[in-house]
Structures are given as structure tokens and as C-alpha cells.
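Structural description and commentary
Okay, here's what each chain looks like letter by letter:
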Amino acid sequence: MMTKVNSLHSQSKVYIGIVHQLREMISKDGLKKGDKIPSERELSERLNVGRSSVREALRALELLGLIETRRGEGTFLRDFRDHHLIDLLGMFILQDQKAKEDIKCTKTMIEKEALRTVFCQKLDTSAIKDLVKDDNGTLTWREIVEELILLSNNYLSHRIWNVLNDYETFIIGEKKITPEIKEKLLNLLQGLENQDKESVQTAYRQISEISDRELTNSNIFL
């Protein structure tokens, strides 16, 4: 019987394979940003794969922001400029089990740099703090981290972090802000406001541990 891990890897291989075929088809057909791509049925026939596999691949591509579905109109291409990076990450994940942890660690490096920037520049986090305070269980950890990265004003870091996070989400799903994480997150934001390095450091490490993220270095302020 196929294990869950093997099943996941098998699904990932199908997904990556379809992405490759879609890319070749888009190039061959001369499609560009804003153009409509063939329907799910047409893609299934042209790529010689099941409709369910095509559907999953399209859902993943939409999650990554490469296509968009417009109700009653069809599916359209968005900006494919990041496709080489997405392609590389996909193959990287498939080749090495350790890659998932490496992606987490890379994400963490970006998150820590954003926190360090917010701290050192004494940026205003009150709006983010209000978001967390008012949350009734609908926010995700991603949304709050993204706000902090945007606040740090590093566009490239934000783009890279988004791609890495999309892959992590594709594999393990979104992480909701639990009451325990909410408490630690408020401590982190309060630490940023009070310029308290230890509070920020401790809260981030605790959140990482709660989220079961194994980091090689949890010290933000090295």
C-alpha cells in the first residue's frame, strides 16, 4: 500500500509534469499575459492526462498566482516571469526530503530579516497589532507575517517569501492563528513597539516551536 508520503510525491510529480507540459503548450501557442488558456477538457485531451489531474494542476497554478479564473469567462494567464523559480523549487522538493525543511529555513531567514528591519527602524506595527487583537480565528500566520514583511519595505524578499510560502502551503496547508499563537504574536508585536529585543526573540522562537518549524538558527538579532 502506498504511504502518504509516497502518495504526496506521486501527486507532486504529476503536478510538476503537467506544469512542464502547460509551459511548452503556452510557448508553442504563443500565449502571453492576459490570454485565455484552453478549457480543462481541452487540456486533458491535449496533454493526455486525466481531467482531475489537470484540475489540481490549475488549482495549484492559481494558488501561485500564475493564472486566474474569471467566472463565466474562463481561465487566463497572469505573469509567468517567476515560472523558472517555481519550476526549480518544484524539482528541488521532489529530489530531497530535506528540501522541505530547507524551504522553511529560507522562509525563516526572510521573516527574521523583516523583523530586524521593523525593530531597528522603529516602524509602526499598531495596525498589525489591532488585526491580531480583533481576530476571531479567521487569520492565518501567513497573513500577519506578510504584513510585517511588507512593512519592512523589501519587495524582492516579499516576492521570494511568497513563492516559498505557496509551496509550503501546497504541501502542509495553511496555519491558522490559534489562541496560543495569538498570545505569543501579541507579545512579539508588543516587544517591537517597546524596543525589547528579548521579548521579540522569545516570542518568535515560541511561535516557531508551536508551528513545528525546525529552525537551524532561531536568533533574529545575530
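Read on for a plain summary of the structure. Computed from a prediction, not measured in an experiment: that's the story for all the values here.

Criteria and cut-off values
- Residues numbered from 1 in each chain as written.
- Predicted model: local features only at pLDDT ≥ 70, side-chain atom pairs only at ≥ 80, totals over all residues.
- Heavy atoms only, no water.
- Axes fitted to C-alpha atoms, helices over the stretch in contact; angles between N-to-C directions.
- Helix = DSSP H or I, 4+ residues; strand = E, 2+ residues; numbered from the N terminus.
- Parallel < 35°, antiparallel > 145°, perpendicular 65-115°, else oblique.
- Left-handed = near helix turned anticlockwise from the far one by under 90°.
- Contact = heavy atoms within 4.5 Å.
- Core = buried A, V, L, I, M, F, W, Y, C linked by side-chain atoms within 4.5 Å.
- Buried < 20%, exposed > 50% of the residue type's maximum accessible area, 1.4 Å probe, protein only.
- Pairing = 2+ DSSP bridges.
- Phe/Tyr/Trp six-rings, centres within 6.5 Å; stacked < 30°, edge-to-face > 60°.
- Lys NZ or Arg CZ within 6 Å of the ring centre and 35° of its normal.

**Examining the packing of helix α9 (residues 179-194) against helix α10 (residues 197-210)**
Direction vectors running N to C along α9 and α10 enclose 155°, while the axes themselves pass 8 Å from each other. As far as their axial angle goes, α10 and α9 are roughly antiparallel. Classified by chirality, the crossing of α10 by α9 is left-handed. Where α9 approaches α10, its residues Glu180, Ile181, Lys184, Leu185, Asn187, Leu188, Gly191 and Leu192 are matched on the opposing element by Ser199, Val200, Ala203, Tyr204, Gln206, Ile207 and Ile210.

**As for the environment of isoleucine 181**
Its location among the elements puts isoleucine 181 in helix α9. The sequence separation of isoleucine 181 and tryptophan 141 amounts to 40 residues, and the corresponding C-alpha distance is 8.5 Å. Discounting residues that sit within four places of it in the chain, isoleucine 181 has contacts with Lys176, Ile207, Ile210 and Ser211.

**Quick word on the nonpolar core**
Across soluble globular proteins, nonpolar side chains show a tendency to be buried alongside one another. Formed by 26 residues in total, the largest nonpolar core has its most connected members in Ile144, Leu185, Leu188, Leu189 and Leu192. Looking at this core, the elements with two or more residues in it are α5 (99-120), α6 (126-134), α7 (141-151), α8 (155-172), α9 and α10.

**What about the packing of α6 against α7?**
At a closest axis distance of 10 Å, the pairing of α6 and α7 adopts a crossing angle of 175°. Comparing their axes, α7 and α6 come out roughly antiparallel. Taken together, the residues of α7 that come into contact with α6 (itself represented by Ile128, Leu131 and Val132) are Ile144, Glu147, Leu148 and Leu151.

**Considering α7**
Buried within α7 are the following residues: Trp141, Arg142, Ile144, Val145, Glu146, Leu148 and Ile149. Downstream of α7 by one or two residues, asparagine 153 has phi in the positive range, about 65°.

**Let's talk about the environment of leucine 31**
If you trace the backbone, leucine 31 turns up in the loop between α1 (4-29) and α2 (40-47). Considered as a pair, leucine 31 and leucine 77 are 46 residues apart in the sequence and their alpha carbons are 8.0 Å apart. Among residues more than four places away in sequence, those in contact with leucine 31 are Ile26, Lys36, Ile37 and Leu77.

**Concerning the pairing of strand β1 (residues 67-70)**
Where β1 meets strand β2 (residues 74-77), four bridges bridge the pair, whose relative direction is antiparallel. Across the sheet, glutamate 68 pairs through a bridge with phenylalanine 76, a residue of β2. Hairpin geometry of β1 and β2 is characterised by an intervening segment of three residues between the two adjacent antiparallel strands and by a positive phi of about 80° at glycine 72.

**Topic: the side chain of threonine 125**
Looking at where threonine 125 falls in the secondary structure, it is placed in the loop between α5 and α6. Every residue in contact with threonine 125, bar those within four places of it in the chain, is listed here: Val118, Leu148, Leu151, Leu189 and Leu192.

**Quick look at unusual backbone geometry**
Where the residue is not glycine, phi is negative for most of them; where a peptide bond is considered, it is trans in most cases. With a phi angle near 60°, asparagine 48 is a residue other than glycine that sits in the positive phi range. Positionally, asparagine 48 belongs in the loop between α2 and α3 (51-63). The phi dihedral of asparagine 153 is positive, around 65°, even though this residue is not glycine. Classification of asparagine 153 by relative accessible area gives exposed; the value is 67%.

**Observations concerning the packing of aromatic side chains**
Throughout the structure, instances matching the rule amount to zero aromatic pairs. The side chain of arginine 70 reaches across the aromatic face of phenylalanine 76, ending 3.9 Å from its centre.

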